[in-house]
Amino acid sequence: SQQGEEDPQALSIQEGENATMNCSYKTSINNLQWYRQNSGRGLVHLILIRSNEREKHSGRLRVTLDTSKKSSSLLITASRAADTASYFCATDAFNDYKLSFGAGTTVTVRA
Amino acid sequence: GAGVSQSPSNKVTEKGKDVELRCDPISGHTALYWYRQSLGQGLEFLIYFQGNSAPDKSGLPSDRFSAERTGGSVSTLTIQRTQQEDSAVYLCASRAGTSGTTGELFFGEGSRLTVL
């Protein structure tokens with residue numbers, strides 16, 4: 001079963017704008033990760049945030065985690081055409097090392 | 001190798017035939033995962049191997065699906081008597097670290113299976 005649910009399902013923005021997507025999950029987690037998938041390719045890891053962390057940055061990416069609301073957000077600042085992809089959140093629970101993925105948010109960045 | 005390698009990249013088969021999908025993880029990675037991704041969908045967990053421990057097979061959808069990992073390295077996912085609903089991209093991923101740790105998964109490019 002899928003643990004994470006991303007919102008929105010699809011997002012279309014202009015180059016240079018920010019893109020924000022959210023992930024909600026159901027059970028307590030150990031870590032939450034975000035991955036990117038370009039069309040027809042494998043997934044690429046973007047960032048990992050631990051359950052005791054609230055915010056993390058990596059380049060143009062900012063991830064927040066609110067364990068009380070069981071939700072996370074991914075912000076991509078100053079988007080580029082190359083950011084066009086599907087973005088997935090993935091969670092793992094304590095003592096359970098399989099990652100559960102959501103259905104993803106498809107982001108289209110218009111030039 | 002430099003990354004996770006999967007073969008074949010594309011496989012078209014007839015309903016009822018058996019298929020084998022291969023995954024060669026990053027050298028030294030002890031954890032290996034198989035996921036299935038149907039068109040436009042998220043990833044569905046199939047099976048997880050960690051070192052010499054018994055695999056977690058809880059995601060295999062039916063007894064037509066099986067997987068093995070030989071010598072703690074290469075893994076083969078076998079689907080017997082394929083059905084049209086088995087059509088999907090099968091993704092393999094590996095991870096460094098021992099049981100008790102979590103972290104980044106490195107994915108292969110996937111094997112696209114089409115069952116006619």
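Residues numbered from 1 in each chain as written. Chains lettered and ligands numbered in written order. Predicted model: local features only at pLDDT ≥ 70, side-chain atom pairs only at ≥ 80, totals over all residues. Heavy atoms only, no water.

Chemist: Hey, could you run me through the pairing of strand β3 (residues 19-24) of chain B in this one?
Modeler: Where a strand is regular, its side chains alternate between the two sheet faces. Residues and elements named next belong to chain B. Because side chains alternate across β3, one face comprises the buried residues Val 19, Leu 21 and Cys 23, and the other comprises Glu 20, Arg 22 and Asp 24, none of which is buried. Sheet topology note: the β3/strand β7 (residues 75-79) ladder contains five bridges and is antiparallel. Paired with Val 19 across the strands is Ile 79, a residue of β7. (Buried < 20%, exposed > 50% of the residue type's maximum accessible area, 1.4 Å probe, protein only. Helix = DSSP H or I, 4+ residues; strand = E, 2+ residues; numbered from the N terminus. Pairing = 2+ DSSP bridges.)

Chemist: Which parts of the structure should I look at to understand the pattern of salt bridges?
Modeler: Pairing between side chains becomes possible if they bear opposite charge and their charged atoms approach one another. By the definition in use, this model includes nine salt bridges over all chains. A:Arg41 is the salt-bridge partner of B:Glu109, the closest N and O atoms lying 2.4 Å from each other. Here B:Glu109 is found in the loop between β9 (106-107) and β10 (111-115), whereas its partner A:Arg41 is found in the loop between β4 (31-37) and β5 (43-50) on a different chain. B:Arg36 is paired through a salt bridge with B:Glu44; the nearest N and O atoms lie 3.0 Å apart. Judged by relative accessible area, which is 10%, B:Arg36 ranks as buried. Accessibility expressed as a relative area gives 31% for B:Glu44, which makes it partly exposed. (Salt bridge = Lys/Arg side-chain N within 4 Å of Asp/Glu carboxyl O.)

Chemist: How should the interface of chain B and chain A be read in this particular structure?
Modeler: Think of interface size as the accessible area that goes away when the parts come together; that is how it is often given. Tallying the contact residues gives 23 residues for chain B and 21 residues for chain A. Considering only the surface of chain B that becomes buried against chain A, B:Leu43, B:Thr102 and B:Glu109 emerge as the three largest contributors, covering 32% of it. Summed over the shared surface of chain B and chain A, the number is two salt bridges. B:Asp56 is the salt-bridge partner of A:Lys98, the closest N and O atoms lying 3.4 Å from each other. (Contact = heavy atoms within 4.5 Å. Buried area = accessible area lost by both parts, 1.4 Å probe.)

So, to be careful, I would describe these as geometric facts and stop short of saying anything about function.
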